Amino acid sequence: MDSSMYPRHKDHEILWMCKTPSCIDKIAYNETVWASLRNGESVVRRVIGLPGEKINFSDKGRITTQYGLIQWKDETAFIQRRQVNVPRKGDTLHISQLNDVEEDFAINLMIEQGEEFFVKTTLWQGDREIGNRQVSLQEVDYLPWQDRYLLEQQIFHSEPGDSPIQIRREFLRKSDSSKIESIVVQEDCYFLACEKGAFCLDSREVGFFTKSHLLG
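Residues numbered from 1 in each chain as written. Predicted model: local features only at pLDDT ≥ 70, side-chain atom pairs only at ≥ 80, totals over all residues. Heavy atoms only, no water.

1. Here we look at helix α2 (residues 100-112)
- With 13 residues, α2 ought to run about 18 Å at 1.5 Å a step, and its terminal C-alpha atoms sit 19 Å apart, in line with that.
- Most of α2 is tucked away, with ten of its 13 residues classed as buried.
- All of the buried residues along α2 are Asp100, Val101, Glu102, Glu103, Asp104, Phe105, Ala106, Ile107, Leu109 and Met110.
- Sitting at the amino-terminal end of α2 is Asn99, which places a side-chain oxygen 3.1 Å from the backbone nitrogen of Val101.
- The positive-phi residue at the C-terminal boundary of α2 is Gly114, with phi of around 85°. (Helix = DSSP H or I, 4+ residues; strand = E, 2+ residues; numbered from the N terminus. Expected span 1.5 Å × (residues − 1). Buried < 20%, exposed > 50% of the residue type's maximum accessible area, 1.4 Å probe, protein only. Polar contact = N/O pair within 3.5 Å; in protein donor to acceptor, adjacent residues only side chain to side chain.)

2. Looking at the pairing of strand β8 (residues 117-125)
- The buried fraction of β8 amounts to seven of the nine residues, a majority that puts the element mostly inside the structure.
- With nine bridges connecting them, β8 and strand β10 (residues 165-173) associate as antiparallel partners. Counted as the bridge partner of Gln125 is Ile165 from β10.
- Looking at chain direction, β8 and strand β9 (residues 128-130) are connected through three bridges and run antiparallel. (Pairing = 2+ DSSP bridges.)

3. What to know about the state of the cysteines
- Enumeration over the complete set of coordinates arrives at two disulfides.
- Paired by a disulfide, Cys18 and Cys23 hold their sulfur atoms 2.0 Å apart. Residues Cys18 and Cys23 are joined by a disulfide whose S-S torsion is about 80°; by sign, that bridge is right-handed.
- Looking at Cys23, the relative accessible area reads 32%, which means it is partly exposed.
- In this model, Cys194 is linked to Cys200 through a disulfide, with the two sulfur atoms separated by 1.8 Å. Given an S-S torsion of about -85°, the disulfide between Cys194 and Cys200 has left-handed geometry. In this pair, the class of Cys194 matches that of Cys200, namely buried.
- Should the bonded cysteines of the protein chain be numbered as they appear in the sequence, the pairing reads 1-2, 3-4.
- A disulfide-free cysteine, Cys189 has its sulfur positioned 18 Å from the sulfur of Cys194, the nearest such atom. (Disulfide = S-S within 2.5 Å.)

4. Some remarks on the packing of aromatic side chains
- Tallied over the entire structure, the rule returns nine aromatic pairs.
- Where Tyr29 meets Tyr67, the ring centres are 4.1 Å apart and the plane angle is 15°; that geometry is what we call stacked. Remark: Tyr67 occurs in the loop between β4 (62-65) and β5 (68-71) and Tyr29 occurs in the loop between α1 (21-25) and β1 (32-36); sequence separation between them is 38 residues.
- Under the relative-accessibility criterion, Tyr29 is labelled buried at 18%.
- Judged by relative accessible area, Tyr67 falls into the partly exposed class, the value being 40%.
- Geometrically, the ring pair formed by Phe57 and Trp72 is stacked, given 6.5 Å between the ring centres and 10° between the ring planes. With Phe57 in strand β3 (residues 54-57) and Trp72 in the loop between β5 and β6 (82-85), the pair connects residues that are 15 residues apart, well separated along the chain. (Phe/Tyr/Trp six-rings, centres within 6.5 Å; stacked < 30°, edge-to-face > 60°.)

What follows is the structure, encoded as structure tokens:
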């Protein structure tokens, strides 16, 4: 163990984990789980979102779930209030209905599910598509939502007009360039978190952990 789960678990503490399918099938809110990242590394994290649940985040480090309130210190991942819906196996995610955070998480799910796609980014002010010399949209394609949000604010302050600036992305299949309107989630998803606010890798950055990534 490192210090990412302090004070729940101390640095260098040894934890015993149950790895049987029956244990993983019964994972509950607030439990400590052992999970693998997509690069093969493993982490120990806390479950704060189960399949089918909603999580509300504030820019002050407050997380509200159906079970109550969690408070992070020095939270930096959420710079604006957002709600995240944790998908269940079989759910259909309609791209146009996702907010910017959920859209980032959907990209991670598509990659994990083997979808071969590319991103087309456009810049809009109200109902009008605009170009902007301040930004190369190709560089924005895979930027995380926080960076895109700040970029929208920066461009808005330099553009005439009262309508907000919005960066929109389309996901297109590599095979035929057809637009991906929705994706079907192949596994139950979980939102795992550190006890720390900033400088700790968890679902705020890497997205949902699917069931096959839960080790114990």
